[in-house]
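These are the residues of each chain, in order.
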Amino acid sequence: MTAHPFVQNLADRASPLNVVGEHITVLASGATTGSYEIFLQEGPQGSGPVPHTHPWDESFFVTQGEVDFSLDDGEHLTATAGTLVHVPAGSKHWFRWRAGGGAMLSVTSKRGASAMFTEIHQEIAPDRPDVDKLIEIAVRHGLTACAQ
């Protein structure tokens, strides 16, 4: 596939996906860009993924609120608006939205996350998630859950 220039206006944007309580808007999928993916992630206080790894680089740019991150090298940090956090492929990481929730842009280095988020949105009830099925979907898309 050859990628083409594109512009996405607010009116063109897809509705956010509900991924176990976090709202994730796919701004650009790998199918659109030919490679990387861009997301707007908005989460309520306390939400966020379990410790995990995946086969793509991921960068997070916090635009609103505060987010606690734990990274593979044992670093724990609180990212505030204007902070960029980069996680190389294969690195263990997790995050949690702090009081009041927040928002961040995220970019992945290759395709994969948008298909996984879409499948979770379609198959997993956000208010009572089937954890076994959630893990099955995540594993199918290259994620590995890790111990704290």
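The shown structure was predicted, so the numbers you read here are calculated from the model rather than taken from an experiment. (Residues numbered from 1 in each chain as written. Predicted model: local features only at pLDDT ≥ 70, side-chain atom pairs only at ≥ 80, totals over all residues. Heavy atoms only, no water.)

1. Section: a nonpolar patch on the surface
Convention followed: Residues enter a patch when their relative accessible area is above 30% and they make no salt bridge; the linking distance is 9 Å between like charges and 5 Å between nonpolar side chains (Val, Leu, Ile, Met, Phe, Trp, Tyr). Only the protein chains shown count as cover for residues, and the accessible areas themselves come from Shrake-Rupley with a 1.4 Å probe. Any carboxyl oxygen of Asp or Glu within 4 Å of a side-chain nitrogen of Lys or Arg constitutes a salt bridge here. Strands here are runs of E lasting at least two residues and helices are runs of H or I lasting at least four, both read from the DSSP assignment and numbered beginning at the N terminus. Only protein chains enter the accessibility calculation, which uses a 1.4 Å probe; a residue is then buried when its area is under 20% of its type maximum, exposed when over 50%, and partly exposed in between.
Residues F61, L84 and L105 make up a contiguous nonpolar surface patch of about 260 Å² in total accessible area. Examined against the element boundaries, L105 turns out to sit in strand β8 (residues 93-108). Owing to a relative accessible area of 32%, L105 belongs among the partly exposed residues under this scheme.

2. Quick word on the layout of surface pockets
Applied cut-off: Residues are said to line a cavity or pocket when one of their atoms sits within 4 Å of a point; the points come from a 1 Å grid over protein atoms alone, cavities being sets where a 1.4 Å probe fits but cannot get out and pockets being open sets with protein on both sides within 12 Å along at least five of seven lines. Grid points are joined across faces, edges and corners, and a volume is the space filled by probe spheres set on the points. Residues are grouped as follows: Ala, Val, Leu, Ile, Met, Phe, Trp, Tyr, Cys and Pro are nonpolar; Asp, Glu, Lys and Arg are charged; all remaining types, including Gly, are polar.
By volume, the largest pocket amounts to about 590 Å³. In this structure, the largest pocket is lined by 28 residues; those nearest its centre are P49, V50, I120, L134 and L143. Contributing elements (two or more residues each) for the lining of the largest pocket: β2 (22-28), β5 (58-71), β8, α2 (113-123), α3 (131-140) and β9 (144-145). Per element, the largest residue contribution to the lining of the largest pocket is five residues, and it comes from α3. The class makeup of the residues in the lining of the largest pocket is 19 nonpolar, seven polar and two charged.

3. Comments concerning the packing of α2 against α3
To be explicit about the condition: Every axis in this analysis is a line fitted to C-alpha atoms, fitted for helices over the stretch in contact. Angles between the N-to-C directions lie between 0 and 180 degrees. Any angle that is under 35 degrees is reported as roughly parallel, and any over 145 degrees as roughly antiparallel; angles of 65 to 115 degrees are reported as roughly perpendicular and all others as oblique. Helix crossings fall into two classes, left-handed where the near helix is turned counterclockwise from the far one by less than a right angle and right-handed where it is turned clockwise. Contact definition: two residues touch when any of their heavy atoms are within 4.5 Å.
For the pair α2 and α3, the least separation of the axes is 10 Å and the interaxial angle reads 160°. The angle between α2 and α3 falls in the class roughly antiparallel. The handedness of the crossing between α2 and α3 is right-handed. Contacts between α2 and α3 pair M116, E119, I120 and E123 from the former with K133, L134, I137, A138 and R140 from the latter. A class-by-class count of the residues in the contact of α2 with α3 yields five nonpolar, no polar and four charged.

4. Points about the pattern of salt bridges
The final tally for this structure, using the stated rule, is six salt bridges. The salt bridge partner of R98 is D68, with a shortest N-O separation of 3.4 Å. You can see R98 sitting in strand β8 and its partner D68 sitting in strand β5, a full 30 residues away along the chain. Because the salt bridges share partners, they merge into one network encompassing E66, D68 and R98.

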